[in-house]
Amino acid sequence: MVRTRFAPSPTGYLHIGGVRTALFNWLFARRHGGQFLLRIDDTDAQRNVEAALAPILHGFRWLGIDWDEGPEVGGPYAPYYQSQRQAGYQIAVDKLLSGGFAYRDYATPEEIQTEREAAQAEKRPFLYSRRWMAETLAERVAFEDQGRQAVVRLKMPREGKLVIDDLVRGQVEFEWAREQDHVVQRADGTCLYHLASVVDDFDFQITHVIRAEEHLSNTPRQIFIAQSLGYSLPAYAHLPYVAEPGSKNKLSKRKLDKYLKNRDFALVNEHGLAIARAMGLETSADTFNPVIVDFYEQVGYLPEAILNYLVLLGWSLDDKTEFLTPAQMVANFSLERVTKAPASFDPKKLWAFQDHTMQQLPLKQKVARMLPYLQRAGLVSTPAPCEVGPKLTRIIEAAGDRLKVLGDIIVYADFFFQDPLRYDEKAFEKNIRKAGAAELLTKLRAVLAGVEPFDVAGLEAALQNFVAGQGIKIGDIIHALRVATTGKAVGPGLYDCLEILGKETCLKRIDQALAQV
RNA sequence: GGCCCCGUCGUCUAGCCUGGUCUAGGACACCGGCCUUUCACGCCGAUAACACGGGUUCAAAUCCCGUCGGGGUCACCA
């Protein structure tokens, strides 16, 4: 039975790199008919764990990454919060202590620091002298009489080596003597990550620890803890981390300013920002940017696209498969085909997957899922009037592939719902205020007034007829007409726009435009 | 700096284990063209990579050694 886990800290947001790690864990568990669980690493005491966790759980739900055990769903090994599992850690610490695998240490942080600096000055690797180690009661009393407080440290082996069989990296060797006597329990009795993680992984019967590469060098001490406690070891798989756009540095939320200098990243960010602003969303870079999964949900990316992009970031099925449904991912995922080198996050490629996924989405779905965006932007009231459905369907049909994300409907369709128009100044200047344009538009208005029925075919015929009569080309007038009726230089097919708008609105808008020349 | 990991087009990758069919394949981006009322889509095309140096071998992207480069990690954070 395969059991994997992802262990987020409640930080208030879901990082794109974290999701990739979680996805691989989830995929691996599902592939082998096992369980995937969520454990909350909140040993670092902080307030408001629930509030900081909510966006993370929400992100997973949105992506369809479901967990069999963990917060909100419970499970046979509950609780799944490390802050609530301290009693178990205490038992483990006692066992480590009594087995001689750990010791009480009475050194102050400053004393340790002094030793460390001395080692550095002599250019030799630092190894704690264990001068303030207390293994007998007498030693403890002596130190405590000095007013000292004890932490519990691992008594790491100082000879021999460890060979890890990593499922992604193969055999990796470490010298025990390079490992530090890490603290596993603070003076106040709270336990630290490594201890907690190892104990929980065992308690939860985790069979495969799949995590990012930065944990590879933590593995020896974790294996030491596990072995000292008599645990059977899980299999380890260390994934390459997700790197910054165009670099090999680890992707980090904090370096957003740097990423914004990347053209593609900036483009994706700007696009999302425009949509978010139209909906009146909070868009501070701290909570809203392309490194955070929430960004994609808010803007209207499709979860399947994110998953598809992410699964191919460090894994491939073969030499040409680009598109996989979640079911196909589950059916084909394997750790053997995970890449070893870090992979740069490429927002443009994610965009391409989004484009493709959106094209696959049935029209009805698009209508149902885009409507809320119009409502949030205040372009359609809630509940939506009944004529909106058919109208929106026509609009989305006409817009076709131009709608890349659900939120694009706001940008592409606002003029269908908004009066008066806000003209794109540049376009207005170029196409309507240019010499002769107003005169031509006035004549065209008269023609349009007589078009019946006012539909794509009728409109097209009328326009063709008009330009022929005037001895001009269609390009000479159609741009002016577009700007006058839609306010923009770009958009869906013009005849479609005109038909959806209806004759009355079109004529009225042409008059308005003419009045502003 | 110590330890560990990694190194194929700008980017994601296939190929590497089991040398030859690799004059290195696909995708995204970029550039050019077609389509076209704008934009987008679509289609066609072009440019573009085995980090370097030594071996081993009839033959190396693939095996070995070294160099260089990049990154991760060295907490009473997770």
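Now for a description of the structure that goes with this document. Model, not experiment: these values are computed from the prediction.

Reading guide: rules and limits
Residues numbered from 1 in each chain as written. Chains lettered and ligands numbered in written order. Predicted model: local features only at pLDDT ≥ 70, side-chain atom pairs only at ≥ 80, totals over all residues. Heavy atoms only, no water. Near = heavy atom within 4 Å. Polar contact = N/O pair within 3.5 Å; in protein donor to acceptor, adjacent residues only side chain to side chain. Pairing = 2+ DSSP bridges. Helix = DSSP H or I, 4+ residues; strand = E, 2+ residues; numbered from the N terminus. Core = buried A, V, L, I, M, F, W, Y, C linked by side-chain atoms within 4.5 Å. Buried < 20%, exposed > 50% of the residue type's maximum accessible area, 1.4 Å probe, protein only. Contact = heavy atoms within 4.5 Å. Axes fitted to C-alpha atoms, helices over the stretch in contact; angles between N-to-C directions. Parallel < 35°, antiparallel > 145°, perpendicular 65-115°, else oblique. Nonpolar A, V, L, I, M, F, W, Y, C, P; charged D, E, K, R; others polar.

Quick notes on the protein's contact with RNA strand B
Around RNA strand B, 62 residues are found, and the nearest of them are Thr 43, Arg 186, Tyr 241, Asp 401 and Arg 402. Expressed as a percentage, the sugar and phosphate content of the atoms of RNA strand B within 4 Å of the protein is 75%. Within the contact set of RNA strand B, a sugar or linking oxygen lies 3.1 Å away from a side-chain nitrogen or oxygen of Asp 41. One of the backbone nitrogen or oxygen atoms of Ser 344 is found 2.9 Å away from a phosphate oxygen of RNA strand B.

So, the sheet that holds strand E3 (residues 102–105)
Spatial ordering of the open sheet is given by E4-E3-E5-E8, a layout of four strands whose pairing is antiparallel. Every interior strand has two partners, whereas the edge strands, strand E4 (133–134) and strand E8 (183–185), have only one. Pairing analysis gives two bridges linking E3 to E4, with the strands arranged antiparallel. For Asp 105, the partnering residue across the bridge sits in E4 and is Met 133.

Focus: the nonpolar core
For soluble globular proteins, the rule of thumb is that nonpolar side chains tend to be buried together. Counting residues in each nonpolar core, the largest one holds 119 residues, and the members touching the most others are Ile 409 and Leu 448. Look past the residues within four positions of Leu 448 in its chain and what remains in contact with it is Phe 454, Leu 459, Leu 463, Leu 481, Lys 503, Leu 507 and Ile 510.

Describing helix H7 (residues 219–228)
Here H7 lies mainly inside the structure; nine of its 10 residues are buried. Downstream of H7 by a residue or two, Gly 230 has a phi angle that is positive, lying close to 80°.

Here we look at the packing of helix H14 (residues 363–376) against helix H15 (residues 388–399)
With their axes 10 Å apart at the nearest point, H14 and H15 run at an angle of 110° to one another. Compared by their axis directions, H14 and H15 come out roughly perpendicular. Contact residues: H14 offers Leu 363, Lys 366, Val 367, Met 370, Leu 371 and Leu 374, while H15 offers Val 388, Gly 389, Leu 392, Thr 393, Ile 396 and Glu 397. Tallied by class, the residues present in the contact of H14 with H15 amount to eight nonpolar, two polar and two charged.

Considerations on unusual backbone geometry
Residue Ala 78 is joined to Pro 79 through a cis peptide bond whose omega torsion reads 0°. The omega torsion across Glu 452 and Pro 453 is -5°, close enough to zero to call that bond cis. Mapped onto the elements, Pro 453 comes out in the loop between helix H18 (437–449) and helix H19 (456–470). The residue Lys 123 is not glycine, and still its phi comes out positive at about 55°. By secondary structure assignment, the location of Lys 123 is in the loop between helix H4 (109–121) and E4. By relative accessible area, Lys 123 is classed as exposed at 77%. Its identity is not glycine, yet Gln 205 carries a phi of approximately 60°, on the positive side. Within the secondary structure, Gln 205 sits in the loop between helix H6 (193–203) and strand E9 (208–212).

Geometry only, nothing functional implied.
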